[in-house]
Amino acid sequence: MYKHVFTLICIILCFTMPVYCLEETTTTTTQTYQWIVVGAGCSGATLARKLLDYFPNDKVLLLERGIDNLDPVFTDETCSPEPHIFNTTRPVNCTYPAIIAPRRSVSPALGSHIYTSIPQPQLRNRSISFGAGNVTGGGTSINGMVAFRALREEFEEISSTPGLEEYNYHAFLPYYKKMENNQNSNPKVFWDRNGNSGRVPVTNHKVGSIFNEKAFLKASIANGIHPTDINTIQIGGLTKAQATITENGRRASSAINYLDSTARNNYRFTLKNISKVRRILFNSAGTAATGVEYRTGNQILSALATREVIISAGTVESPRILKSSGIGPSAELQSLGIPVIKNLPAVGTNYFEKPLTLANFRLTIPDNPKMNTSIVLSNSTFRQWKMYGTGYLAGWNNPWAVHGGSYDLDAEFHEQAPLPDFTYNFTNWMRLICWNPHTKSRGSIKLNTTDIYDNPIIDVALLRDPSDADKLIECNYKFRKILTDAGIISGDLLPPTSVWDNTTAFRDYVYSVVSATQHNCGTCRLGSNSSVAVVDGRHKVFGIKKLRIMDYSVFPYVLRVNPALTLYALSEKLADYIREDYQSSPPLGRVTLQFQCTPPITAINDYSIWSVKNTYSRPYVYHWYSTTGVQGSFSVEAYSQSYFYTPVDSTQAVTLKINGITISTKYATNTTCPYCCLLYTSDAADEEDSG
């Protein structure tokens, strides 16, 4: 016990006084790996595991600046439900979702790093603070675990950018399915939309709603807000939020999902915590990344990568690492005395964050003293969660959410009871959260000094454009009316009714309380032009070989929804890109194999016709094999479709391969009408393709 306490004190001192805690000593120790991934968050942990799986002879180094999620100070064994759980200075975390999720990301606790922006004149000169993961698993170890897929319209927006055509909905769907382990028995979980064998558990919340949901739905529809299921059809509207929570009621972070014992016990894998990257190393010509230099404890170490370096440090840290290494706007680098390796003006620009407001209301249902904090946090409740993964600690109160839809609004509805909260001395209240993902304001990340422990200069630019507040105001009034029409709320708590009744006062309220959603992105954006982007469609840094970036910083636009599921999917997709670059294996969603059954294509004589659609940007030679013993090969041009014939056989299967790697296997199984058979599509197909 005393050993853990001493270790904890040392860690806290080093993080609060990093420059003076230990004297730096440079070492010549250098180790060589094939891959170096910087940042063990959602993307970094996923990529590290995929690289281990895809390259069975390669060594992978994963560097994380924060503590490991398996450290004793961060696990359940050091947790008890009271009295310390809300002591935000206590460096401890637990995996029961209900309590930790809404608080760890905004408190100075171990596992979270707090950034603070420069004062914002448009926000009454307030500085905006926000958290970022500082632990293995990154944000997925401290976030609210909300599990939403991005809307189709958002993929269309991104894929309309030249060079990003493969960021369309059809290309992403197979990766959403691949990473997902949907644990719901709901019939709305469609076989062709949801996955049930992936690493990321997705489930409905285990704690039921306490207000009248039928009345809420009726009032929403009457006000033009229609229900949907974002995680199946990915079309905007009113929906129930799902969560990345395991069947036994535990938080499912990327550290749990991907860095399991199989990965951690692999001799080819090295995870180093409390290791902060100082700079990227380059070849003598400055044209390719060769490794990284990092600090761990009081040592400055270096590691070399024979294949690639992948930066997954987040929207703030990824541009900081690039700039500290000499990649960024040349004028900014030169002003700090940093030698310029590559002038990339877009590094650290296009900082995109969703402004957020909170409003609290009293519920019409009576206060329930049995649901007060001391009861919910009782030892018996804790034991129930610990032993059975059930009860109030196993999840949030079924939060409803609106993303997009007919009114283009974004909001979440959180019932605070029976979740313990010290805001009020009663339990019958709820919170409305509104945000605006389509803002015109853009901020930036700039270096303050060359010291890696100095926070950069962060300009969040929330509501800098006055029109950005309009959607927030519309959202608040719209859903206050719906909650009132449904008979769910009985009065205003925050802000008071006098503010709601005065539109000028309410706008002033928005500017005085607006905060960051902590879904920031854009500082290393994807694109095809190095003057406005940092990485290309395969996440390669412009002008630098063997260097990629994979985290939310690459997204050119902020998503309406919580980004975790999309980051998992994109990381899986990027891993396939990388495998393709080295092994010529095409990613999922690039090839669609279909048994054609409908006009104008029909069976001819004794043959069936199959089609292959290549949605990849270069031609491929395909080899097909039939269970009847017939085989053949043909080529399909980029973004084109071709056909081949097989003998009619109601039980036959056709396998499609590229370079000996199986891409797809499909069956013709309709025994009553081989010419009118069912259509079987690839994993990338949409519902319009089925028949």
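For the structure itself, consult the block above.
Residues numbered from 1 in each chain as written. Predicted model: local features only at pLDDT ≥ 70, side-chain atom pairs only at ≥ 80, totals over all residues. Heavy atoms only, no water.

A. Here's a closer look at the overall build of the chain. For the chain, the helix and strand inventory stands at 18 helices and 31 strands. Residues classed as buried in the chain amount to 57% of the 691 residues present. Of all intrachain contacts in the chain linking residues separated by at least 6 positions in sequence, the fraction that spans at least 24 positions is 68%. For the chain, the computed accessible surface area is about 27,000 Å², with 53% contributed by carbon and sulfur atoms. (Helix = DSSP H or I, 4+ residues; strand = E, 2+ residues; numbered from the N terminus. Buried < 20%, exposed > 50% of the residue type's maximum accessible area, 1.4 Å probe, protein only. Contact = heavy atoms within 4.5 Å. Areas by Shrake-Rupley, 256 points an atom, 1.4 Å probe, with all protein chains shown as cover.)

B. Expanded view of the state of the cysteines. Tallying each qualifying case throughout the model produces one disulfide. Bridging cysteine 434 to cysteine 475, the disulfide has an S-S length of 2.2 Å. Torsion about the S-S bond of the cysteine 434 and cysteine 475 cystine: about -80°, corresponding to left-handed handedness. Of the two residues, cysteine 434 sits in strand E19 (residues 429-435) while cysteine 475 sits in helix H15 (residues 468-485), which places them 41 residues apart along the sequence. (Disulfide = S-S within 2.5 Å.)

C. Representation of helix H6 (residues 169-179) within the structure. In terms of residue burial, H6 counts as a mostly covered element, since nine of its eleven residues are buried. Among all positions of H6, only Tyr169, Ala171, Phe172, Leu173, Pro174, Tyr175, Tyr176, Lys177 and Met179 are buried. In this fold, the buried residues of H6 make contact with helix H5 (152-159), strand E6 (180-182), strand E7 (200-204) and helix H18 (564-583). Capping of H6 at its N-terminal end is provided by asparagine 168; its side-chain oxygen lies 2.8 Å from the backbone amide nitrogen of alanine 171. (Polar contact = N/O pair within 3.5 Å; in protein donor to acceptor, adjacent residues only side chain to side chain.)

D. How the structure looks around the nonpolar core. Ranked by size, the top nonpolar core spans 89 residues in total, and within it Ile36, Leu322, Ile327, Val534, Leu547, Ile549 and Phe555 carry the most contacts. If you tally residues by element for this core, the top one is H18, at nine residues. Dropping the residues within four chain positions of it, isoleucine 327 is found in contact with Phe282, Leu322, Leu333, Ile341, Lys342, Leu344, Val347, Val541, Ile544 and Leu547. Among the nonpolar cores identified, the runner-up in size contains 45 residues, and Leu123, Phe216, Phe361 and Ala469 belong to it. (Core = buried A, V, L, I, M, F, W, Y, C linked by side-chain atoms within 4.5 Å.)

E. Structural view of the sheet that holds strand E5 (residues 146-147). In space, the four strands of this open sheet follow the order E5-E9-E7-E6, with mixed pairing throughout. Edge positions in the sheet fall to E5 and E6, since each of these pairs with one other strand and no more. Examined bridge by bridge, E7 and strand E9 (residues 242-243) share two bridges and lie antiparallel to one another. The partner of threonine 203 across the bridge, within E9, is alanine 243. Sitting on the sheet, H6 is in contact with E6 and E7, with an inclination near 60° to E6. (Pairing = 2+ DSSP bridges. Axes fitted to C-alpha atoms, helices over the stretch in contact; angles between N-to-C directions.)

F. The packing of H6 against H18, seen in detail. Interaxial distance between H6 and H18 falls to 8 Å at its minimum, and their mutual angle equals 105°. The angle between H6 and H18 falls in the class roughly perpendicular. In contact with Ala171, Phe172, Tyr175, Tyr176, Lys178 and Met179 of H6, H18 contributes Leu565, Thr566, Tyr568, Ala569, Leu570, Glu572, Lys573 and Asp576. Of the residues belonging to the contact of H6 with H18, the class tally is nine nonpolar, one polar and four charged. (Parallel < 35°, antiparallel > 145°, perpendicular 65-115°, else oblique. Nonpolar A, V, L, I, M, F, W, Y, C, P; charged D, E, K, R; others polar.)

G. Inspection of the packing of aromatic side chains at higher detail. The tally for this structure, following the rule as stated, stands at 18 aromatic pairs. Both rings, one in phenylalanine 55 and one in tyrosine 582, keep their centres 5.9 Å apart while their planes meet at 90°; by these two values the pair is edge-to-face. Remark: tyrosine 582 occurs in helix H18 and phenylalanine 55 occurs in the loop between helix H3 (42-54) and strand E2 (60-63); sequence separation between them is 527 residues. Relative accessible area serves as the criterion here: at 33%, tyrosine 582 is assigned to the partly exposed category. Residues phenylalanine 216 and phenylalanine 413 carry aromatic rings whose centres are separated by 5.1 Å and whose planes lie at 70° to one another, so their mutual orientation is edge-to-face. Within this pair, whereas phenylalanine 216 is found in helix H7 (residues 213-222), its partner phenylalanine 413 is found in strand E18 (residues 409-415), the two being separated by 197 residues in sequence. As far as burial versus exposure is concerned, phenylalanine 216 and phenylalanine 413 are alike and both buried. Among the aromatic side chains, those forming a connected cluster through ring pairs are Phe361, Tyr477, Trp500, Phe506 and Tyr509. The cationic tip of lysine 573 hangs over the ring face of phenylalanine 172; the distance from NZ or CZ to the ring centre is 5.8 Å. (Phe/Tyr/Trp six-rings, centres within 6.5 Å; stacked < 30°, edge-to-face > 60°. Lys NZ or Arg CZ within 6 Å of the ring centre and 35° of its normal.)

H. The environment of glycine 286, seen in detail. Residue position: glycine 286 is located in the loop between strand E11 (275-282) and strand E12 (289-296). Along the backbone, glycine 286 and isoleucine 544 are 258 residues apart, and their C-alpha atoms lie at a distance of 7.8 Å. Here glycine 286 is in contact with Ile341 and Ile544, once residues within four sequence places are set aside.

I. Just the packing of H3 against H18, in detail. At a minimum axis separation of 9 Å, H3 and H18 run at an interaxial angle of 35°. For the crossing formed where H3 meets H18, the hand is right-handed. For the pair H3 and H18, contact is made by Cys42, Ser43, Thr46, Leu47, Lys50, Leu51 and Tyr54 and by Ala564, Leu567, Tyr568, Ser571, Glu572, Leu574, Ala575, Asp576, Ile578, Arg579 and Gln583, respectively. In terms of residue class, the contact of H3 with H18 is made up of ten nonpolar, four polar and four charged. (Left-handed = near helix turned anticlockwise from the far one by under 90°.)

J. Up close: the pattern of salt bridges. Following the criterion strictly, the structure yields 31 salt bridges and no others. The residue glutamate 572 makes a salt bridge to lysine 178 at a minimum N-O spacing of 3.7 Å. Here glutamate 572 is found in helix H18, whereas its partner lysine 178 is found in helix H6, with 394 residues between them in sequence. The class of lysine 178 is partly exposed, set by a relative accessible area of 28%. Residue aspartate 581 pairs with lysine 540 through a salt bridge whose shortest N-O separation is 3.7 Å. Pair noted here: aspartate 581 is in helix H18 and lysine 540 is in the loop between strand E23 (515-516) and strand E24 (547-549), with a separation of 41 residues, a long-range link. Owing to a relative accessible area of 33%, aspartate 581 belongs among the partly exposed residues under this scheme. Residue classification places lysine 540 among the partly exposed residues on the basis of a relative accessible area of 32%. Look at the salt bridges and you will find they share partners, linking Glu308, Arg538, Lys540, Arg548, Glu580 and Asp581 into a network. (Salt bridge = Lys/Arg side-chain N within 4 Å of Asp/Glu carboxyl O.)

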